[in-house]
Amino acid sequence: MTNFALYCLFIALIAASIVWCGGVIARVADTRIKRCFTLISLGVCLLAIINMTKIAINAVGVTKTILNCLYVIPALMIIIPMIVGAVMLIKASKGEKFPNAPLILIAITVIYALFYALKVPVFVSSPITIIGGALIIMICESCITPKTIRTGSDFRKVFVKSPLPVAIADKEKEIVISTESAAPDKVAIEKAIENGGEFKKDENTIMTTSKFSGGYIAFSTDIKELNMLVDELTETSQQLQKNSELISMESEIRQELTAAKTLNQLYDEGVAIATKKLAIISNILSALPENDEKARERMLLRAQIIAAYLRSKFAMLSFIEQNGALYTRNLFDSITEIIETTDKTIEDCSVEFSHLKEIDNRIAMLIFDWAENLCEFALTFGSPTLRITMDEEHGKIVLLALLSGVDTHKKFEINKELLRKIALLGGKTGIDVSTDSIALRVILPTEVL
């Protein structure tokens, strides 16, 4: 009865080892790791077969000695690949923290072998070959994780689910694998290759190919929004030229500003930024077609935001000059005026202020600059929603801004000058980007030392 139970356990170990070996071959992409794990699996199977043979023939004398010597072969088939695999994994980790599961299993194996060698009653009566073989397979399997050994199926799944329209073709230009998101077809790939790497599939799509040792990789780029922007800016150029007072506002406001050094510096920074932005808008408009009304309206709206920014900033600085400080209500009204300007384009835009104590004038101006920059930044994305809230926590001002309904796969950049000012004033900035939203958290002091 005991021998029958051992037969069953050995057969189960052999079956588990074979199944695991097949899974490794199907999953693991690294050929060297495949070979190592395959040898380990074969070694575990051979150990089980030798032990089954010893039990079946009730080996004694010379036969038992020969079978014991045969243990060397599977032992080497297990030990050598495990050492090679360990070296490969250590090199691949490049100093990163190694997973805990393999280390725990190794420790359990060592403890079990030690108790068995010391002939502890419970352990000495257990089938060490079966338990040891199972632990070896578990150690190897625990190494197959994203931190150590990545599987081929994982790579393929990530590629296929990618939102980028990409396809990989072999040397005969036959598509081998492609993403689910409108990947390039064979005809487009062939035309792009014949055209030197690029092919305009239609008015809004450009196909690009690149050759590598095994074939070609192709991806398509949607330029529809770029074409729309070009058309919109062209139609708006004449309308913006008629509103030249927006550009000349700098000189009119500068004449009314007082000579206070701090106020002048804050105002000059705003004027410089606005003038630069208006000049960029003017240059873009002059290069666009005249029949794009949407683009012109959007550029005009952007210019209106800049004009409202300058007008409100001048009003707040004048209020500071007359009263020595700026009330939170004045700041809230100024930000609200800018946000209301965006109602035509931005789907939903709101601002909320909790009860705040008096804050430093430079901090207030920096918050106002952030609000204007966020409104202007939101205009570059279709019809997003923008929510701005400000509160006071533990003697610090916390500004939260959430821009939703945007395509974060597009290239964008947060204003580095504003980030630099926050750092100079002793504040901190945190930015969290997801697939369709950008969350900004700014922590500022109430006073500047």
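Note: the structure precedes this text.
Residues numbered from 1 in each chain as written. Predicted model: local features only at pLDDT ≥ 70, side-chain atom pairs only at ≥ 80, totals over all residues. Heavy atoms only, no water.

Bringing the pattern of salt bridges into the picture now. Taken as a whole and judged by the stated rule, the model has four salt bridges. Between Asp369 and Lys313 there is a salt bridge, with the nearest N and O atoms lying 3.0 Å from each other. Note that Asp369 is positioned in helix 15 (residues 361-378) and Lys313 in helix 13 (residues 293-323), a separation of 56 residues in sequence. Between Glu417 and Arg420 there is a salt bridge, with the nearest N and O atoms lying 2.3 Å from each other. Remark: Arg420 and Glu417 occur in helix 16 (residues 416-424); sequence separation between them is three residues, near one turn of the helix. In this structure Arg420 comes out as partly exposed when scored by relative accessible area, which is 42%. (Salt bridge = Lys/Arg side-chain N within 4 Å of Asp/Glu carboxyl O. Helix = DSSP H or I, 4+ residues; strand = E, 2+ residues; numbered from the N terminus. Buried < 20%, exposed > 50% of the residue type's maximum accessible area, 1.4 Å probe, protein only.)

To continue, consider the sheet that holds strand 10 (residues 437-445). An order of 6-7-8-10-9 is seen for the five strands of this open sheet, with the pairing classed as mixed. This sheet does not close on itself; its edge strands, each paired only once, are strand 6 (348-353) and strand 9 (428-433). On average, each strand axis in the sheet is inclined to that of its neighbour by 10°, with strand direction left out of account. One ladder, built from six bridges, connects strand 6 with strand 7 (residues 385-393); its direction is parallel. Bridging across to strand 7, Asp348 finds its partner in Thr385. Set on the sheet, helix 14 (residues 328-341) makes contact with strand 6 and strand 7; between it and strand 6 the angle comes to about 175°. Across the face of the sheet, helix 15 comes into contact with strand 7, strand 8 (396-404) and strand 10 while running at roughly 170° to strand 10. (Pairing = 2+ DSSP bridges. Axes fitted to C-alpha atoms, helices over the stretch in contact; angles between N-to-C directions. Contact = heavy atoms within 4.5 Å.)

Bringing a nonpolar patch on the surface into the picture now. On the surface, Leu46, Ile49, Val62, Ile66, Leu70 and Ile73 cluster together into a nonpolar patch covering about 510 Å² of accessible area. Those elements that provide at least two residues to the nonpolar patch are helix 2 (31-57) and helix 3 (61-70). With three residues, helix 3 is the single largest residue contributor to the nonpolar patch. By secondary structure assignment, the location of Ile49 is in helix 2. The class of Ile49 is partly exposed, set by a relative accessible area of 41%. (Patch = residues over 30% accessible without salt bridge, like charges linked within 9 Å, V, L, I, M, F, W, Y side chains within 5 Å. Areas by Shrake-Rupley, 256 points an atom, 1.4 Å probe, with all protein chains shown as cover.)

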